[in-house]
Every structure is written in structure tokens, then in C-alpha cells.
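# Survey of secondary and tertiary structure
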Amino acid sequence: MRRRTTDFRRPVRRRISNVFWLTLCGLVVLLFVVLLSHDNQPISRPAFAKRSGRNERLMEGLNVTEEMISADSVSRQLSDQISLAKSFVVIAKESNNLQFAWELSAQIRNSQILLSNAAIRRTPLTTRESVTAIRDMALLLYQAQQLHYDSATMIMRLKAKIQSLEEQMSSVGERSSKYGQIAAEEVPKSLYCLGVQLTTEWFRSPNLQRKLKEKKQMAEKLKDNNLYHFCVFSDNILATSVVVNSTALNSKTPEMVVFHIVTDEINYAPMKAWFSLNNFRGVTVDVQKFEDFSWLNASYVPVLKQLQDAETQSYYFSGNTDDGRTPIKFRNPKYLSMLNHLRFYIPEVFPALKKVVFLDDDVVVQKDLSGLFSIDLNGNVNGAVETCMETFHRYHKYLNYSHPLIRAHFDPDACGWAFGMNVFDLVKWRRRNVTGIYHYWQEKNVDRTLWKLGTLPPGLLTFYGLTEALDPSWHVLGLGYTNVDPRLIEKGAVLHYNGNSKPWLKIGMEKYKPLWDRYVDYSHPLLQQCNVH
């Protein structure tokens, strides 16, 4: 059998097949690497397009043109120079270099004219037409730097100026407060004249004293608890007259209204003369002076005892004890006046009465107040309108809570209330010995560490837990120092001019004066004689 010859073609085909597959695999790997590297490259064109779109929106919102943001924009260079020059003008004026400030201002105007002309013709500024303005402004700005008008100096000077202005403002504010306080405390010349004229009239006219004796036949009214009893403690004749007149004119039953007025020795005769000369729709008016109260002496009343203390007298009357650190409003001697503190002795002043409405002399009554006498105080002594709608009218704003006595006995967030229109249950007052509570706290505050100002803080302590909240419409406050909602004024039964801007003073708030003026008869001969207007 013949042997088959060796076939060399088959191995060659096998070799070619292996090379082909290796080449194909290499191409696939290479293609994969190329694709991978292509995916990792940043897509610059869309990003650029996105950024370009955002810039276009920004330019549109800021009203910026391409010319203004161009690297070689003449307009932008001029605008930047103008901005810097304006700040240097301010500094130059502050440095009293008025000539340089004038030169800068003139060059600013020249540059602004160039920009304005370019805007009108709607073509960009060229270097040729603006080179002089840019060079002149650059020279001035360089000169400003040589004068140390740089940013650091500017900041230091502005800081010094701000500090100086703050000191001036503080000084002016302090003087304004002082003068305002003095203006509020002073008796207007016209009211002083009225007091003098009434005193003369009282001692010159026996008819007035006879009228007073005739009125004393109605003395039983002063003790009749079926009537409506009001009390006012004041040395201001005209203000007290407005309180009585406004109450009488708005009362449904004026013949049932009794006013108990307590004043001082100086104003006793003129006050009696005024209420004897005038008729208030049948309202009964009784005038007393606190000097006649035998129980009112230093052994019983802490305020009178404090007045005998040399340190207290120095604090209130000389103002030399603390180098002026205490604001003037805290040192007002009126806060030691017995007419101011007499509100804490109402049961002693009117021993026969069971319920009384206390009114300050800076109020105006514009509704019938008989409803106050039928309000149930729920066993409390004092009926008052609360003032804690705002945080600053809570106890912690009136009292010193760093003192352990205050901290231990009173809630700092307790609601404050207002003096000026208060309903007092005198039966409960006597039973709870409220005046004794007042004495306790007044004696504890002899060094003025519990509170500093007025009769409201001791009132808050005295009537703590003994006060019934009344409807806010009974007593609207703020007409003597702030703006009050007209709707509250319209609904208010009693409007209170608390604050320094009293309606009988020139510093009174003009828009609220007519509410008070309507109860003053300016045609009265004595008022005209004393130029009261």
C-alpha cells in the first residue's frame, strides 16, 4: 500500500488562523481602550455652552453690555475710576482738603459726561476720545494715594467718624431726654396764672365760700355707697377739670357721680374756687388737701420718712451722688410726692367707701363708666387693664431680679398692668391689709435696689395676686408718648396720656390734643385772661 505524502498546507492554515484571532482580539481591546478614554474626557463644548447661557442671563439681569465686560473696555475703566474717586471725595472733605475734593468732583463730572455721550449715541467709547480723562483721573487717584487716602486709612477714619457720631448721638439723646423731662415737669405759665387768679378770686369773693357751704349740705352723698365714687389726686387744676368734665358729659346719670379730689396746700384754694365757679351737669365734687390728714406722718408713711433722709434728699434734689450715672427720669422728685403715693392709702382717705374708681389727672373719659362699679373682681382688690401684650411690660422689666427678695417672691414673666384707671374694692383692701404690704416693700427699697422709678413697681409688688384683669377697652394707654391705633382710641372708655407729652404742654402730641381740648372751655374768662389755649 502506498504511503501518503506529507501535506504541508494544513499546518500553514492553522498558523494563519491563530494570527487572525490574535489580531482581532488586539483590535477589540484597542477599541475598548479608545472608547473608555473618550468617555472620561470632559465634554467641553456643552459645558461651555451652559456657562455661556448663564453669563447671558446674568448680563441681561444686570443690564450689562458686552462692551462693558470686555478686557479692553474704556467705559468700565472710567466707571471704576469714578467709583473710587467718589469715595476719595468723601475722605478729602472729612480731612478738610476742600480744594482736592473739588478737583476730584470736577474730574468725576468730566468722566460722567463722556459716558453719557457714549450712551446717547449708542457706540462704545474709544481710547482716543477718553485717554485724556482716564490719564487726568489716574493722576488724581495717584495723588489721593500719596495723601494716604488708601483703603486702610479710609476704614480707620470711617470707624473714628462712626464712633464720634455715636458719642454725639448719645450726648444729644441724653440732653434731649433731660430737657424733655424738664419741660414735662415745669408748670406752664398760663396754668400758673390760672392758679394765682383763682386764689385771688377765692379770697376776694365771699359768694364762692358761701356756695361751698351750701354744697356741704350734700355731704351725705360723699358717703353713699349706692353712688359712683371717683377719686383724683392732683395739683393740676385744668387737668383735673378735664377729668371731671369728660366724666360728667359722658355719664348717663351725672347726678349719681361723686368726685373726691385731693390736692396740696398750695392748690387747695384755687381748686375749690374752680369747682365752685363751674357746674359739671350736677356732678358732686369734693376737694380736700392731704395736709389735713392727721394719720399722714413720717412714723406711718415710709415715703415721708425717706424724705427726711439726707441721702435720699441728695439723690432726688441735688443729683450729685453718683456722678450723673442714673438717668434723670429716675431722679424725678415727683416720685416722692405724697399726691403720687396717696393711691396706696385710699381706704384711709375715704374710710366710709366700699368701692372707688381711681383716675389719674392725665386721662380723658369718653364713655359712661358706671359699668365699672358692677364688675366682679372675683375676690381681688384691684381691677386693672393688663399691659403684657408686649414683653417689655412684664415684671422683669420693672423690678431688679438680681435681688434675692424679688427673685424669691415674684414670677419674672408675670403680666404687668397699668395705673391710671383702676377699680378698687376697699372692703377687700382693708381685709387683706394691702397698705401694710405696700409699707413692707417700700421700706425694703430704702436703698433703691428693688426698683428705681415711680409708683408702678411698688404697685406691682403690692397687688401681686390681688389684681383682676379688665377688658382693654376700659383703659387705652400711650397717648403721651407713642402712636396708638385709632380703632383702640375710638373704642376706649378712658384715654390715658401717660408719658411726657401731656396735652396741656407745648410738647404734647398734636394729633391727640383735640381729644383733650374738647373738654376745655377756652372761652372761660379766667382761661382767656391767662392766655390758656
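Residues numbered from 1 in each chain as written. Predicted model: local features only at pLDDT ≥ 70, side-chain atom pairs only at ≥ 80, totals over all residues. Heavy atoms only, no water.

The name given to the protein chain in an unreviewed UniProt entry is Hexosyltransferase, and the organism recorded there is Dillenia turbinata. Looking at the Sequence similarities (unreviewed entry) heading of the UniProt record, one finds this comment for the protein chain: "Belongs to the glycosyltransferase 8 family." Per its UniProt entry, the protein chain bears the Pathway (unreviewed entry) comment "Glycan metabolism; pectin biosynthesis." (UniProt positions renumbered as here; feature names shortened; annotations may be inferred.)

## Concerning the overall build of the protein chain
The helix and strand tally for the protein chain stands at 21 helices and 10 strands. Among the 533 residues that make up the protein chain, the fraction classed as buried is 42%. Within the protein chain, counting contacts between residues at least 6 apart in sequence, those at least 24 apart form 74% of the total. Of the accessible surface of the protein chain, which amounts to about 31100 Å², a share of 55% is contributed by carbon and sulfur atoms. (Helix = DSSP H or I, 4+ residues; strand = E, 2+ residues; numbered from the N terminus. Buried < 20%, exposed > 50% of the residue type's maximum accessible area, 1.4 Å probe, protein only. Contact = heavy atoms within 4.5 Å. Areas by Shrake-Rupley, 256 points an atom, 1.4 Å probe, with all protein chains shown as cover.)

## What to know about the pattern of salt bridges
Here the structure, examined in full by the defined rule, presents nine salt bridges. The residue Lys289 makes a salt bridge to Asp292 at a minimum N-O spacing of 4.0 Å. Lys289 gets classed as buried once you look at its relative accessible area, which sits at 13%. Here Asp360 and Arg343 are joined by a salt bridge, their closest N and O atoms 3.5 Å apart. Taken as a pair, Asp360 in the loop between β4 (355-359) and β5 (363-365) and Arg343 in the loop between α13 (338-341) and α14 (346-349) lie far apart in primary sequence, 17 residues in all. The same class applies to Asp360 as to Arg343, namely buried. (Salt bridge = Lys/Arg side-chain N within 4 Å of Asp/Glu carboxyl O.)

## Some remarks on the nonpolar core
Among the nonpolar cores identified, the biggest contains 61 residues, and Phe230, Phe259, Phe275, Leu359 and Leu372 are the most heavily contacted of them. Looking at this core, the element that brings in the most residues is helix α9 (residues 237-250), giving seven residues. When residues no more than four places from it in sequence are discounted, the contact partners of Leu359 are Phe230, Cys231, Val232, Val243, Thr247, Phe259, Val365, Gly420 and Met421. Counting residues in each nonpolar core, the second largest holds 43 residues, with Phe344, Tyr401, Tyr438 and Phe463 among its members. (Core = buried A, V, L, I, M, F, W, Y, C linked by side-chain atoms within 4.5 Å.)

## Looking at the packing of helix α7 (residues 189-204) against helix α10 (residues 265-277)
Relative to each other, α7 and α10 sit at 75°, their axes nearing to 8 Å. In terms of axis orientation, α7 runs roughly perpendicular to α10. Facing α7, whose interface residues are Leu194, Gly195, Leu198, Thr199, Glu201, Trp202 and Phe203, α10 presents Ala269, Pro270, Lys272, Ala273, Trp274, Ser276 and Leu277. (Axes fitted to C-alpha atoms, helices over the stretch in contact; angles between N-to-C directions. Parallel < 35°, antiparallel > 145°, perpendicular 65-115°, else oblique.)

## Quick look at unusual backbone geometry
Positive phi is not limited to glycine here, since Asn433 has a value of about 50°. Along the chain, Asn433 turns up in the loop between α16 (426-432) and α17 (434-444). Residue class for Asn433 comes out partly exposed when judged on its relative accessible area of 46%. Of note in the backbone geometry, Arg448 takes a positive phi value of approximately 60° without being a glycine. You can see Arg448 is positioned in the loop between α17 and α18 (456-462).

## What about the side chain of His475?
Structurally, His475 can be placed in strand β9 (residues 475-476). If we ignore the near neighbours within four places in the chain, the residues touching His475 are Val385, Ala418, Phe419, Gly420, Met421, Val494 and His496.

## What about the environment of Glu291?
Tracing the backbone shows Glu291 in the loop between β3 (284-289) and α11 (302-307). Relative accessible area serves as the criterion here: at 37%, Glu291 is assigned to the partly exposed category. Remark: the alpha-carbon pair of Glu291 and Asp264, spanning 27 residues in sequence, is separated by 6.8 Å. For Glu291, the side chain forms a polar contact with the main-chain nitrogen of Glu265, separated by 3.1 Å. (Polar contact = N/O pair within 3.5 Å; in protein donor to acceptor, adjacent residues only side chain to side chain.)

## Things to note about the pairing of strand β2 (residues 257-263)
A large share of β2 lies buried, amounting to seven of its seven residues. Going residue by residue along β2, you find Val257, Phe259, Ile261 and Thr263 tucked away on one face and Val258, His260 and Val262 tucked away on the opposite face as well. The β-α-β motif built from strand β1 (residues 228-233), the intervening α9 and the parallel element β2 has right-handed crossover chirality. Note that β2 and β3 share six bridges and pair parallel. (Right-handed = clockwise from strand over helix to strand, strands pointing away. Pairing = 2+ DSSP bridges.)

## Some points on a nonpolar patch on the surface
Taken together, the side chains of Val187, Tyr192 and Val196 define a hydrophobic patch exposed on the protein surface, amounting to about 310 Å² of accessible area. Relative to the helices and strands, Tyr192 is located in helix α7. Tyr192 gets classed as exposed once you look at its relative accessible area, which sits at 57%. (Patch = residues over 30% accessible without salt bridge, like charges linked within 9 Å, V, L, I, M, F, W, Y side chains within 5 Å.)

## So, the confidence of the model for the protein chain
Of all residues in the protein chain, 76% have pLDDT values of 70 or greater, and the mean over the chain is 83. In the model, residues 1-13 has pLDDT below 50 throughout and makes zero contacts with residues more than four positions away in sequence or in other chains. (pLDDT = per-residue confidence, 0-100.)

## Structural notes on the packing of aromatic side chains
For the structure shown, the criterion picks out 25 aromatic pairs. Look at Phe344 and Tyr438: their rings are 4.0 Å apart centre to centre, the planes differ by 5°, and that puts the pair in the stacked class. In this pair, Phe344 is assigned in the loop between α13 and α14 and Tyr438 in helix α17, connecting sequence segments 94 residues apart. The exposure classification of Phe344 matches that of Tyr438, with both residues buried. Seen from their ring centres, Phe424 and Trp429 are 5.2 Å apart, and the 75° between their planes marks the pair as edge-to-face. Across this residue pair, the class does not change: Phe424 and Trp429 are buried. A cation over an aromatic ring shows up here: Arg343 above the ring of Phe419, its NZ or CZ 4.8 Å from the ring centre. (Phe/Tyr/Trp six-rings, centres within 6.5 Å; stacked < 30°, edge-to-face > 60°. Lys NZ or Arg CZ within 6 Å of the ring centre and 35° of its normal.)

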